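Results of the structural survey
Chain by chain, the residues run as shown.
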Amino acid sequence: MAKAGYPLELETYLHRDPVTGQTNSFVRTKHARQSSERLRAHKQCVAEQMRGFTARGGDARQDSMSVRERFTQASKACAGRGGRAAAR
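As a starting point, this report considers the structure included with it. Quantities reported herein were computed from a predicted structural model and do not represent experimental measurements.

Observations concerning the state of the cysteines
- Taken as a whole and assessed by the stated rule, the structure comprises one disulfide.
- The disulfide partner of Cys45 is Cys78, and the S-S distance across this bridge is 2.0 Å. Taking the torsion about the S-S bond as the criterion, the Cys45 to Cys78 disulfide, at about -80 degrees, is left-handed. Placement of Cys45 in helix H1 (residues 37-50) and of Cys78 in helix H2 (residues 60-78) is noted, with a sequence separation of 33 residues between them. Considered together, Cys45 and Cys78 belong to a single accessibility category, that of buried residues.

Shown next as structure tokens:
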């Protein structure tokens, strides 16, 4: 329910998981984005870790799983960098 003068401006997004094939829907406002300095530093670190990686080892399911594993490793390696301690 929206109050007069406050448009919600919600958008529905669909995400299909390439490994399981399930489709999930979720709702966001047009202003919903994560852009803290800490998150930006983490994203930059993960991007550097993933740069040059290509998953070619089989079918689409195996490639997707390989990308997820590499992404998890990169995210764990970047954890703690650029956090609150670095901002001080």
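Regarding the environment of Arg38
- The residue Arg38 is located in helix H1 in this model.
- For the pair Arg38 and Gly80, spaced 42 residues apart in sequence, the C-alpha separation works out to 9.2 Å.

Examining the packing of aromatic side chains
- Here the structure, examined in full by the defined rule, presents one aromatic pair.
- Where Tyr13 meets Phe26, the ring centres are 5.6 Å apart and the plane angle is 20 degrees; that geometry is what we call stacked. Within this pair, whereas Tyr13 is found in strand S1 (residues 10-16), its partner Phe26 is found in strand S2 (residues 23-29), the two being separated by 13 residues in sequence.
- Assessed through its relative accessible area of 31%, Phe26 is described here as partly exposed.
- Over the aromatic face of Tyr13 sits the side chain of Arg28, whose NZ or CZ is 5.9 Å from the ring centroid.

Here's the deal with the pairing of S1
- Summarising the sheet, S1 and S2 pair through seven bridges and their orientation is antiparallel. Bridge pairing in S2 links Leu10 to Thr29.
- Hairpin connection from S1 to S2: six residues lie between these consecutive antiparallel strands, with Gly21 at a positive phi of about 85 degrees.

Cut-offs and rules
Residues numbered from 1 in each chain as written. Predicted model: local features only at pLDDT ≥ 70, side-chain atom pairs only at ≥ 80, totals over all residues. Heavy atoms only, no water. Disulfide = S-S within 2.5 Å. Helix = DSSP H or I, 4+ residues; strand = E, 2+ residues; numbered from the N terminus. Buried < 20%, exposed > 50% of the residue type's maximum accessible area, 1.4 Å probe, protein only. Phe/Tyr/Trp six-rings, centres within 6.5 Å; stacked < 30°, edge-to-face > 60°. Lys NZ or Arg CZ within 6 Å of the ring centre and 35° of its normal. Pairing = 2+ DSSP bridges.

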